[in-house]
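Each chain, letter by letter, is given below.
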Amino acid sequence: YITNNLSISLSIFIAIAVLLLSYTVYQYNSNPVKNLINADISILKDAVFGDEPYLFYCNRNGISESPPPIYLDLNKIRGSKVSFAMINCSQVLPSGKTFYDRLKLKKEIKPTIFGTAPWLKPKQVTPEHLKDINSFKKFIDVNMAPKATS
């Protein structure tokens, strides 16, 4: 009887340890979402047109707000492959245009999220890709995958 209880306790302990380890690895693989709201134009230019892929969440009012849960969930899943950042898409650029105008983003698609990469023109996430996490992952995997050069 004592051996049986010890065996059950050990099994529960091992299960909890595995869960904690899995959670730690899961959290480690995601990077924090960068807050580039109202950042200096040179920092924004480097992020949007730089040499690494980014998925941007458009903040609408220029103050810090939490991105939608689906965006944060995707960061945990794909944050090691793509950088995630929030920007103020209403910010006026030196050209006099906003990010919405400059990148031809549709304000009516909410949340407004778009991806960039050196091999990709800025591409807005469609409502179809925002309906669930698997569709959102597909957007990343299909649209933001590195393209072969000829």
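Computed from a prediction, not measured in an experiment: that's the story for all the values here.

A. Looking closely at a nonpolar patch on the surface. Together, Leu10, Phe13, Ile14 and Val18 make up a nonpolar patch on the protein surface, roughly 410 Å² of accessible area in all. Positionally, Val18 belongs in helix H1 (residues 2-29). For Val18, a relative accessible area of 48% gives the class partly exposed.

B. Up close: the side chain of Thr112. With respect to the helices, strands and loops of the structure, Thr112 is situated in the loop between helix H4 (99-102) and strand E4 (113-117). A distance of 2.7 Å separates a polar side-chain atom of Thr112 from the backbone oxygen of Ile109. The residues touching Thr112, leaving out its near neighbours within four places in the chain, are Phe56, Tyr57, Cys58, Arg60, Tyr100, Leu105, Lys106, Lys107 and Gln124.

C. Here's a closer look at the pairing of strand E2 (residues 54-59). Taking burial as the measure, the 6 residues of E2 include 6 buried ones, the bulk of the element. The alternating pattern of E2 places Tyr54, Phe56 and Cys58 and Leu55, Tyr57 and Asn59 on opposite faces, both of which are buried. Pairing analysis gives 6 bridges linking E2 to strand E3 (residues 83-88), with the strands arranged parallel. Its bridge partner being in E3, Leu55 is matched across the sheet by Phe84.

D. The state of the cysteines, seen in detail. Going through the model one piece at a time under the given rule, you end up with 1 disulfide. Here Cys58 engages in a disulfide with Cys89; their sulfurs sit 1.9 Å apart. Handedness here is read from the sign of the S-S torsion; for Cys58 and Cys89, about -60°, the answer is left-handed. Taken as a pair, Cys58 in strand E2 and Cys89 in the loop between E3 and H4 lie far apart in primary sequence, 31 residues in all. You'll find Cys58 and Cys89 in the same group, each marked buried.

E. Region of interest: the layout of surface pockets. Size it by volume and the largest pocket reaches roughly 150 Å³. In terms of lining, the largest pocket is formed by Ile41, Ser42, Leu44, Lys45, Val48, Phe49, Leu93, Pro94, Ser95, Phe99 and Arg102. Secondary-structure elements contributing two or more residues to the lining of the largest pocket are helix H2 (41-49) and H4. A per-element tally of the lining of the largest pocket places H2 first, with 6 residues. Taken together, the residues of the lining of the largest pocket sort by class into 7 nonpolar, 2 polar and 2 charged.

F. Region of the structure containing the environment of Val82. Secondary-structure assignment places Val82 in the loop between helix H3 (69-78) and E3. When the C-alpha atoms of Val82 and Tyr54 are compared, they prove to be 5.4 Å apart, with 28 residues separating the residues in sequence. In contact with Val82, other than residues within four places in its own chain, are Pro53, Tyr54, Leu55, Ile140 and Met144.

G. Here's a closer look at a positive patch on the surface. A contiguous patch of positive charge on the surface is contributed by Lys97, Arg102, Lys104 and Lys121. Along the chain, Lys97 falls in the loop between E3 and H4. Its relative accessible area of 43% is what places Lys97 among the partly exposed residues.

Rules used throughout
Residues numbered from 1 in each chain as written. Predicted model: local features only at pLDDT ≥ 70, side-chain atom pairs only at ≥ 80, totals over all residues. Heavy atoms only, no water. Patch = residues over 30% accessible without salt bridge, like charges linked within 9 Å, V, L, I, M, F, W, Y side chains within 5 Å. Areas by Shrake-Rupley, 256 points an atom, 1.4 Å probe, with all protein chains shown as cover. Salt bridge = Lys/Arg side-chain N within 4 Å of Asp/Glu carboxyl O. Helix = DSSP H or I, 4+ residues; strand = E, 2+ residues; numbered from the N terminus. Buried < 20%, exposed > 50% of the residue type's maximum accessible area, 1.4 Å probe, protein only. Polar contact = N/O pair within 3.5 Å; in protein donor to acceptor, adjacent residues only side chain to side chain. Contact = heavy atoms within 4.5 Å. Pairing = 2+ DSSP bridges. Disulfide = S-S within 2.5 Å. 1 Å grid on protein atoms, 1.4 Å probe; cavity = no way out; pocket = protein on both sides within 12 Å on 5 of 7 lines; lining within 4 Å. Points joined across faces, edges and corners; volume = space filled by probe spheres on them. Nonpolar A, V, L, I, M, F, W, Y, C, P; charged D, E, K, R; others polar. Lys, Arg positive; Asp, Glu negative; His and termini not counted. Charge placed at Lys NZ, Arg CZ, Asp CG, Glu CD.

These values are about where atoms sit, not about what they do.
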